[in-house]
Each structure stands twice: as C-alpha cells, then as structure tokens.
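Summary of structural features
Spelled out, the chains give:
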Amino acid sequence: MEQSIIYVKSRTGEPLMPTRRHSKVWYWLRKGLARVVCREPLTIQLRFETTGYIQPVTVGVDTGAQAVGLAAVANEEVLLQAEVHLRTDIKQKLDQRRKSRRTRRSRKTRYRPARFANRRRPAGWLPPSLRSSAEATLRAVRWVATVLPVRQVNVEIASFDTQKLQNPEITGEQYQHGELHGYLVREYVLHKWRHRCAYCGATEMPLQLEHIIPKARGGSERVSNLALACEACNLKKGTQTAVEFGFPQVQAQAKLPLKAAAHVSSMKTAIVGALREQFGHDQVCLAYGYETKYTRIQRLGLPKSHTNDAVAIACRMGEVVKPSPLVFQLRCIPRGNYQLYNGKRSEHKIWAPKKVQGWKLYELVEAKGHVGYIGGRRLKGAFVVKDPLTSKTLVEVTPRKLVRVSRPVHGWMLTRLSFEAKEERASSSA
Ligand SMILES: [Zn+2]
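None of these values were measured; they are calculated from a predicted model.

Calculation notes
Residues numbered from 1 in each chain as written. Predicted model: local features only at pLDDT ≥ 70, side-chain atom pairs only at ≥ 80, totals over all residues. Heavy atoms only, no water. Helix = DSSP H or I, 4+ residues; strand = E, 2+ residues; numbered from the N terminus. Buried < 20%, exposed > 50% of the residue type's maximum accessible area, 1.4 Å probe, protein only. Contact = heavy atoms within 4.5 Å. Lys, Arg positive; Asp, Glu negative; His and termini not counted. Charge placed at Lys NZ, Arg CZ, Asp CG, Glu CD. Pairing = 2+ DSSP bridges. Axes fitted to C-alpha atoms, helices over the stretch in contact; angles between N-to-C directions. Arc of directions from axis to C-beta. Disulfide = S-S within 2.5 Å. Phe/Tyr/Trp six-rings, centres within 6.5 Å; stacked < 30°, edge-to-face > 60°. Lys NZ or Arg CZ within 6 Å of the ring centre and 35° of its normal. Core = buried A, V, L, I, M, F, W, Y, C linked by side-chain atoms within 4.5 Å. Donors = N, O, S within 2.8 Å, 3.2 Å for Na, K, Ca; no water. Tetrahedral: all angles 85-135°; square planar, octahedral: opposite > 155°, others 65-115°. Salt bridge = Lys/Arg side-chain N within 4 Å of Asp/Glu carboxyl O. Polar contact = N/O pair within 3.5 Å; in protein donor to acceptor, adjacent residues only side chain to side chain.

Re the overall build of the protein chain
Each helix and strand in the protein chain was counted, giving 11 helices and 19 strands. Taken along its principal axes, the extent of the C-alpha atoms in the protein chain is 75 × 70 × 50 Å. Taken over 430 residues, the protein chain has a buried fraction of 40%. Pairs at least 24 residues apart make up 62% of the contacts formed inside the protein chain by residues separated by at least 6 positions. Each charge class in the protein chain was averaged separately, 73 positive and 35 negative side chains, and the resulting centres sit 14 Å apart.

Examining the sheet that holds strand β15 (residues 370-376)
Across the sheet, 5 strands lie side by side as β17-β16-β15-β14-β18; this open sheet has antiparallel pairing. Lying at the two open borders of the sheet, with one neighbouring strand each, are β17 (393-397) and β18 (403-406). Direction aside, neighbouring strands of the sheet carry axes that sit 45° apart on average. Sheet topology note: the strand β16 (residues 383-386)/β17 ladder contains 4 bridges and is antiparallel. Paired with K386 across the bridge in β17 is T393.

Some points on helix α1 (residues 22-31)
The set of residues buried in α1 consists of H22, V25 and W28. The buried residues of α1 all sit within an arc of 125° when viewed along its axis, so they share a single face. Those residues of α1 that are exposed and aimed more than 90 degrees away from the buried face are S23, R30 and K31. In this structure, the buried side of α1 is in contact with β2 (34-38) and β3 (43-46).

Side note on the state of the cysteines
Enumeration over the complete set of coordinates arrives at 0 disulfides. For C315, which is in no disulfide, the shortest distance to another cysteine sulfur is to C285 and amounts to 14 Å. C315 sits in the buried class, given a relative accessible area of 10%.

Remarks on the packing of aromatic side chains
Scanning all chains against the criterion turns up 6 aromatic pairs. When the centroid spacing of 5.5 Å and the interplanar angle of 40° are considered together, the rings of F245 and F247 count as tilted. Across the pair, exposure class does not vary: F245 and F247 are buried alike. Connected via pairs of aromatic rings, a cluster forms that spans Y199, F245 and F247. Its end group placed over the ring of Y341, K349 keeps NZ or CZ at 5.1 Å from the ring centre.

Considering the nonpolar core
Formed by 71 residues in total, the largest nonpolar core has its most connected members in L80, L148 and Y199. The biggest single contributor to this core is helix α3 (residues 128-147), with 9 residues. In contact with Y199, not counting residues within four places along its chain, are E210, I212, L228, A229, C233, K237, A242, F245, F247 and V250. In terms of nonpolar packing, the next biggest core, distinct from the first, is built from 11 residues, V78, A310, C315 and V321 among them.

A few points about the coordination of the zinc ion
Bound to the zinc ion are the protein donor atoms C197 (SG), C200 (SG), C230 (SG) and C233 (SG), situated 2.2 to 2.3 Å from the metal. Coordination at the zinc ion is tetrahedral: its 4 donor atoms span angles of 101 to 116° at the metal. Read from N- to C-terminus, the donor residues coordinating the zinc ion fall into the pattern C-x2-C-x29-C-x2-C. Placement of the pair is C197 in the loop between α5 (179-192) and β8 (207-211) and C233 in helix α6 (residues 231-237), with a sequence separation of 36 residues.

Notes on the pattern of salt bridges
Tallying each qualifying case throughout the model produces 16 salt bridges. A salt bridge links R416 to E40, with the nearest nitrogen and oxygen atoms 2.7 Å apart. One end of the pair, R416, is in strand β19 (residues 412-418); the other, E40, is in the loop between β2 and β3, and 376 residues separate them in sequence. Residue R416 is classed as partly exposed on the basis of its relative accessible area of 45%.

Concerning the side chain of H85
Considering the arrangement of structural elements, one finds H85 in strand β6 (residues 77-85). Engagement of the side chain of H85 in a polar contact is seen with the side chain of E83, the distance being 3.0 Å. Apart from residues lying up to four places away in sequence, H85 is in contact with Q66, A67, Q329, L330, R331, C332 and L389.

A look at the side chain of S133
Here S133 lies in helix α3. Assessed through its relative accessible area of 6%, S133 is described here as buried. The residues contacting S133, other than those within four sequence positions of it, are A65, L86 and M267.

Focus on the sheet that holds β2
Sheet strands pair via backbone hydrogen bonds, and the direction of the pair is either parallel or antiparallel. Sheet architecture is open: 3 strands sit in the order β1-β3-β2, paired in mixed fashion. Each edge of the open sheet carries a strand with a single partner, namely β1 (7-9) and β2. Across the sheet, the axes of successive neighbouring strands diverge by a mean angle of 35°, strand direction being ignored. Pairing geometry for β2 and β3, over 4 bridges, is antiparallel. Within β3, the position partnered with V36 by the bridge is I44.

Below you can see the structure in the form of structure tokens.
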C-alpha cells in the first residue's frame, strides 16, 4: 500500500512540499531535526535550513450550500482532499434568539427607546447563515495554505459562463460541436427551463434535452430549438412539434434568449473577493460547473462527489490526476454555548461548566472500539459519544473509559474519511 502523505513546514514555518518518505521523517524526529506540529494531518516542522524547493500547488474549491469540496493538486498528484460540512443550524438559532428577545421586550421592563430603524447594513453584508458558510470556506482554504505551498486557487462560481454564451441562440450553428460545448449547452438549457420539464413541470427526475421541432422533421440543433422534458413526456411527444403536442407557449418561450446573466450568489462573490485579497488577483481563477462536469466525467472518470468535483476544478486543462484514497472530513461546529439562563421566564441559571470531569463537548474520543465526539455529558453517569458524520449516538460510556483522540481546532472536527470506510458505511446501511 502506498504510504500516506506527511506535510512539511520549513524552519520559519513556511509550507514545503509534502513527503511520503516515512523512514526519513522518523529519522529526523528521532535525531531532533524536526518536530511534530500537528498530528492530524501529520505535519512536521524542520529544524534545519533547506533549499525550500517547491512546486506550485493548485487548490480547487467546490462551494456548496451544505458541503464544500477541497482538493490540492500539484504535479498531477492530489496532495490533500477534504470535505467541509457547513453549519446548517445558524438560521434556526438566530430565529430562536429573536423569539427570546421579543418575549423579553414585552415583559414589564424599563423604557427602552426604539432602535429598530437605526441600523445600517455595511457594504458586503451577508445574511448570518451565508456569512458562516463563506467564512468556513475561507478558513478551510487558508488551512490548506498552511500545510501546502498554495499558489493558485480555482473556485467554481456558477454552472456556466454567460460570456461564452453570448447570443447562444443566434450563434448556435456557428459553434464548434465539441464535447465541452455540449456540456455548456446542457447547463444553459437546464438553467433556462429552470430544471423542470417544459411540458408537465416535473422536477426531481432525470430530464432530457429535447428538440421542440424534432430533428426528423427538420428541427435544428440550435439552443432555441431545445427544451427540457422528462422521459415520459419526451416519449409521448414523439415526432410531434411542441405546437402539435399542445404546447405553443413552449415554442414561443424557446425563441426568447435568456437575458439575465448567470446568477452568481453574493456568498461566492464574497469568497472570491477575500481569496483575491489573500492570494493575489491573478492567483484566483473562476471555474464553471459545466467545465467541472466535463473534466470529472470525460477526462477523470470519477463519480459525483464534492471532493471529486474539487479535484476536477483544481486540474489544469489536459491534466489527469487520480483522487487520493484519503479524504479529510471537517465538520463545522459551534464555538460554544453562550446561553446563560433557561426556563419559561429565564429563571434557571445555566450552571453547566465548560468542562465536566475534564471533558469538553465536541472532543473526539475513542470508546469501546468506536471513534466519535462527545455529544452529551452528565455530571453523574455516562457520557454520550456520537458519530462525527451523522450525529447518531454510538455508545454511552462512563468518562473513565474515554480515550482522547483530538480536540476541535479552527472551529471544526477533523476526521478521516477513507473510501473503505465510506463503502463499509454504505454496505452496512444497505
Ligand atoms: Zn414531463
């Protein structure tokens, strides 16, 4: 089996190229020529001067609403792959806070001047849930840049590039009918018909590109002759035109080119802006979903996952890499519980200490053959150990039996997610 990667930092703390030469690393550690600065992922810092020979590392970022894929690629090799699971509880928590404050205000209290209209949102303001996601994404990229010499960051910001599709309706026939173009057209038509069947409005099922005037009857390959249909509608329509099929409005709508530019969310704009500030304007490249899809399927032959998308995003044109078998999983967690009182009228002071018998919440532990995090602590009695991925209770065990694996840093729990474990999980649930 191939040996796992050890990350290396220079004497001054700058990231160097990682190594797979374990025996060399153990030799350095034994002789005191290096020290371990992080155990997971294993990172060492050298105590002697080196030439600092580095190859530029490219990071691919697949942004998402719930999970972010990260991959660092250099020299046709994947050096680090991670999946960041973002927090999804922000909105619910803020709603709860708003509710609590509202009830507090309606109680008999001293006069408070109205202050609801004197707040102004600063430029670049994001809703708290998006801000949390954007900050977690940035934190993850910066974390990668602390262990690897990152020189370029590719971020996927939209599913297709509108500039490449200027007047696609008109220039359709002049286009090269290359494979990549097919992917571009597909994303464009999906967006134009809002990911639903043009005839029955069905979503949540595989949709096919369909010729409004069938090719057999002289219909063109132009984008203005393409619509989306579910398989049932497509079969039913057969060789009829949309008008004959009873949908003249589809034919009319298809003729109108899409005016609005591909929507780039404010969160992605914020992420790209912050990355450009850190890595330099030219070091941050924008990627589009159709290119990613093309690279992932046609050139790399990988199944869909956040990390595989990230690998495809990080690849340069023509580069073919294999994903690494090891994927780190970073699950974002709250920094702490700041609630002071609970009860119907906030009459109970919360006395729970930060540590119970020396243990904090969210510490990774090993107990009875399971590795999980501390999800619940009782002053007298068993602790609850939960699964880092699913938050399901694994075991309840007395704190004496716990063995600490790691404490959360950077605001996330870091666990390994190898493909064997994933398959195991899949087969055990099946
Ligand atoms: Zn349909």
